[in-house]
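Report on the structure
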Amino acid sequence: MKKYFIVVCSLLFITSAKAEVYYSDYGEYSSFSENIIYESDVVDVDIQRRFKRSKIGIEGQYYLEGDNPELYPKVDYENFDYAYYEWSAKKPKNMINRTIEEKMGIAGTLIRYIYITNPNGVDGKLNISEIEVYDKYNRKLNYGLLCGNCSPNMELYINNGIIGENNSYLRNSTGELRIDLGAYFYIEDLKLNIYEYSESDEERSFDVKFKETYSTNVNEAFIISMKTNKKNDIIPITIRINDDDLDITNTFPNSINKVYRFNDKYYFYYRDDAIIYDEGYFLEANEEFPNLDDSDYHDYYRYRIRDKFVLDDNLIIKNKDTKLEDFVLENTCDFKIETNIDMNKNGIYNIKFILPFMTIDKKVEVDLVENSYNELLIKVENLENDINNLNNINNNVESENSNLLNQINDLNKLLEKNKKNLEKIKDKNDKLNNTNKELKQSIKDLNKEINENKKENEKLELNNSILNEQISKNENDKNNLLKLITDYQEKLLTQNQIFEKDINSILKINEELNDKINKQNYDIDTLSKVNKNNQEEFQSNLVYLDSQIKELEKQKNNIIDDYNMCLNSEKEKYLIEVEKEKIAKKKNSMIYLILIITIITSVIFFKKNVELK
């Protein structure tokens, strides 16, 4: 029986669900901040507008005398400041409140090459970790490098940006390092950083030469002699040409010119009706800043939050993969679930959603197609058991009928025997007519035989009466069996009434089958009546009935084949519809499914009826 239901598929009907929303109480407000916070159903926002404090006061800046803008018309000569400038070969203009200094120097000279010579270090060498050259904008310059009597691959270490290395050196006295800047710079615009490495406090020294051309003539260079006895891993030595503390030991004879530097005096120009603002934004003014500027403000935000728990109001499980947590559509807090649910049995169960701020009691329904299928299988198995029991009853009835037929045959044989006895008696009577003595004796014998025959006839009539009662009882059993079958059919038809429009053809077939069954019942009744009067006719009808049963069995097989074909066709249509239409035509698929189940049930019902007959 189960094989007829293998084609049943689980369908999930998706329905729009309402949601129930639960909120906790709000917590404490946060601190105010300038970060914009948007309000929502779980966030309560408090906006505080704060304003600039202001007052009427003095506002101004420092300018050269007479160089002030109209915004600041007043000047405070007691409030001034100075701006200082570097030494330069260019003479500045004379201006009011400008102080100019001058001296003989080398500013204004262009150079391109820098030499490190006359090294004198510890253990026969002077360790130099890194050399950096910057222009007047403090930009680090790339340079070319050439060295003699120095460490191998010195160019890889001297300008690689790693100050803490100790992999490069110049040999004492003979070592020399030439730096090519690749372009000409005013000597006063350059800054040179030399990082000398030493672990000794002995005196070390070297010369730095600045040259315009590539020449070995020392008289064409500005020479700066550097000495140090500092003990350290890395000693930075910064050289600026125009620093007053440098000892320029040799210069170009024709390059000693006047160099200049100056400072300007700046006075404070102001206005005394300016609006002065306090730093920050405030809710209220104070004594120092008594005004609030409502055009200049900032909004400050603080917020408080609450928990939210959104629960699907349609708590129905139609898919075995559905989890109870799936009914929680939204949550901002932890929760627990307690339930007595049994996923293997459809029904209504209790469920609790335990939240930090409340407990929600609900009912959840389990409505799984798999469970319905299993329950249907159980019902079908019960029906099969009932049908098997009816078959057993029918077999017992047929067995009893067979016994009755055997008894009838025995009675017929007894009647034949009695007939022969009567013929013998007749012969004896004829003989007794010839002689009185023989007649009397024959009469006595005949009376005796007659009495015995009467007893036999009475027994025969009693047996006939018992047989008739047994046949009547069998008829009642058959009627009860038919009533059970009819009740089952009516129950099945009642269950399928909602599909009457779709299974009219099946009902028509059922009616035809019922007509045939009623005809067979009528034939059985007729046969039973005839059996009382004519045994030979009863046997003939049994043969006829057997042929009719075989014919019905053949029709039954044809009908089953037709229904199997119909079933396969409907199954293919159903699978195609499921593949094409998916969720949009699930209800139509269910109708096809129910139609298939009804067809199968009808075929089984018909098969069992035929087998019962």
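Only a predicted model underlies this, so the values are computations on that prediction, with no experimental measurement involved. (Residues numbered from 1 in each chain as written. Predicted model: local features only at pLDDT ≥ 70, side-chain atom pairs only at ≥ 80, totals over all residues. Heavy atoms only, no water.)

A few words on the overall build of the chain. Along the chain, the regular secondary structure elements total 5 helices and 22 strands. Long-range contacts, defined as pairs at least 24 residues apart, comprise 75% of the intrachain contacts of the chain with a sequence gap of at least 6. Element-wise, carbon and sulfur atoms account for 47% of the exposed surface of the chain, whose accessible area totals about 38,200 Å². (Helix = DSSP H or I, 4+ residues; strand = E, 2+ residues; numbered from the N terminus. Contact = heavy atoms within 4.5 Å. Areas by Shrake-Rupley, 256 points an atom, 1.4 Å probe, with all protein chains shown as cover.)

The biggest cluster of nonpolar side chains holds 24 residues, and the ones touching the most others in it are Ile114, Ile116, Ile128, Ile131, Leu181, Leu192 and Val208. Listing elements by their share of this core, those giving two or more residues are β5 (110-120), β6 (125-134), β9 (176-186), β10 (191-198) and β11 (204-211). Formed by 16 residues, the second largest nonpolar core is a distinct cluster that contains Leu324, Val328, Ile351 and Leu368. (Core = buried A, V, L, I, M, F, W, Y, C linked by side-chain atoms within 4.5 Å. Buried < 20%, exposed > 50% of the residue type's maximum accessible area, 1.4 Å probe, protein only.)

Our focus in this paragraph is the sheet that holds strand β17 (residues 308-312). Ordered by their spatial adjacency, 3 strands build an open sheet running β1-β17-β19, and the pairing between neighbours is antiparallel. Unpaired on one side and paired on the other, β1 (19-23) and β19 (328-331) mark the two borders of the sheet. Averaged over all pairs of adjacent strands, the angle between their axes in this sheet comes to 15°, without regard to strand direction. Here β17 pairs with β19 via 3 bridges, running antiparallel. Along β19, the bridge assignment pairs valine 310 with glutamate 330. (Pairing = 2+ DSSP bridges. Axes fitted to C-alpha atoms, helices over the stretch in contact; angles between N-to-C directions.)

Per the stated rule, a full pass over the model turns up 9 aromatic pairs. Centroid distance phenylalanine 80 to tyrosine 267: 6.2 Å. Interplanar angle 65°. Geometry classified as edge-to-face. Here phenylalanine 80, found in strand β3 (residues 74-84), pairs with tyrosine 267, found in strand β15 (residues 257-277); they are 187 residues apart in sequence, far enough to count as distant. Residue tyrosine 267 is classed as buried on the basis of its relative accessible area, which comes to 7%. (Phe/Tyr/Trp six-rings, centres within 6.5 Å; stacked < 30°, edge-to-face > 60°.)

What follows deals with the pattern of salt bridges. All told, the structure shown has 18 salt bridges when counted by the stated rule. Of the charged contacts, one joins aspartate 41 and lysine 308 as a salt bridge, the two residues approaching to 2.5 Å between their closest N and O atoms. Placement of the pair is aspartate 41 in the loop between β1 and β2 (43-64) and lysine 308 in strand β17, with a sequence separation of 267 residues. Residue class for lysine 308 comes out buried when judged on its relative accessible area of 9%. The shortest N-O distance in the salt bridge between aspartate 299 and arginine 49 comes to 2.7 Å. One end of the pair, aspartate 299, is in strand β16 (residues 291-305); the other, arginine 49, is in strand β2, with 250 residues separating them in the sequence. In this structure, a network of salt bridges that share partners links the residues Glu20, Asp313 and Lys362. (Salt bridge = Lys/Arg side-chain N within 4 Å of Asp/Glu carboxyl O.)

A negative phi holds for most residues other than glycine; trans holds for most peptide bonds. Even without being glycine, asparagine 149 reaches a positive phi, approximately 50°. Within the secondary structure, asparagine 149 sits in the loop between β7 (144-148) and β8 (169-171).

The mixed open sheet is built from 4 strands, whose spatial order is β18-β22-β21-β20. Strands at the two margins of the open sheet, each flanked by one partner only, are β18 (316-317) and β20 (336-339). For β18 and strand β22 (residues 359-366), the ladder comprises 2 bridges, and the chain directions are parallel. Residue pairing for β22: isoleucine 316 is matched across the bridge by glutamate 365.

Now for the state of the cysteines. Per the stated rule, a full pass over the model turns up 1 disulfide. The disulfide partner of cysteine 147 is cysteine 150, and the S-S distance across this bridge is 2.0 Å. Owing to a relative accessible area of 16%, cysteine 150 belongs among the buried residues under this scheme. (Disulfide = S-S within 2.5 Å.)

Relative to the helices and strands, threonine 332 resides in the loop between β19 and β20. Owing to a relative accessible area of 39%, threonine 332 belongs among the partly exposed residues under this scheme. A C-alpha to C-alpha distance of 9.8 Å links threonine 332 and tyrosine 23, two positions 309 residues apart in sequence. Excluding residues that lie within four positions of it along the chain, threonine 332 makes contacts with Arg306, Asp307 and Lys308. A polar contact is formed between the side chain of threonine 332 and the side chain of aspartate 307, at a distance of 3.2 Å. Looking at threonine 332, its side chain comes within polar contact range of the main-chain nitrogen of lysine 308, at 2.7 Å. (Polar contact = N/O pair within 3.5 Å; in protein donor to acceptor, adjacent residues only side chain to side chain.)

Let us now look at the confidence of the model for the chain. Summary statistics for the chain give a mean pLDDT of 75 and a share of 62% for residues scoring 70 or more. The lowest-confidence element of the chain is strand β14 (residues 248-250), averaging 42 in pLDDT; the highest-confidence one is β17, averaging 94. Residue range residues 1-16 is modelled with pLDDT below 50. Its contacts to residues more than four positions away, or to other chains, number 40 contacts. Counted against residues more than four places away or in other chains, residues 216-221, with its pLDDT under 50, gives 20 contacts. (pLDDT = per-residue confidence, 0-100.)

Within the secondary structure layout, arginine 50 lies in strand β2. Buried charge without a salt bridge: arginine 50, with glutamate 34 as the nearest opposite-charge side chain at an N-O distance of 7.8 Å. Separated by 2.8 Å, the side chains of arginine 50 and glutamine 48 make a polar contact. Ignoring any residue separated from it by four or fewer positions in sequence, one finds arginine 50 in contact with Phe32, Tyr281, Phe282, Leu283, Asp296, Tyr297, His298 and Tyr300. (Lys, Arg positive; Asp, Glu negative; His and termini not counted.)

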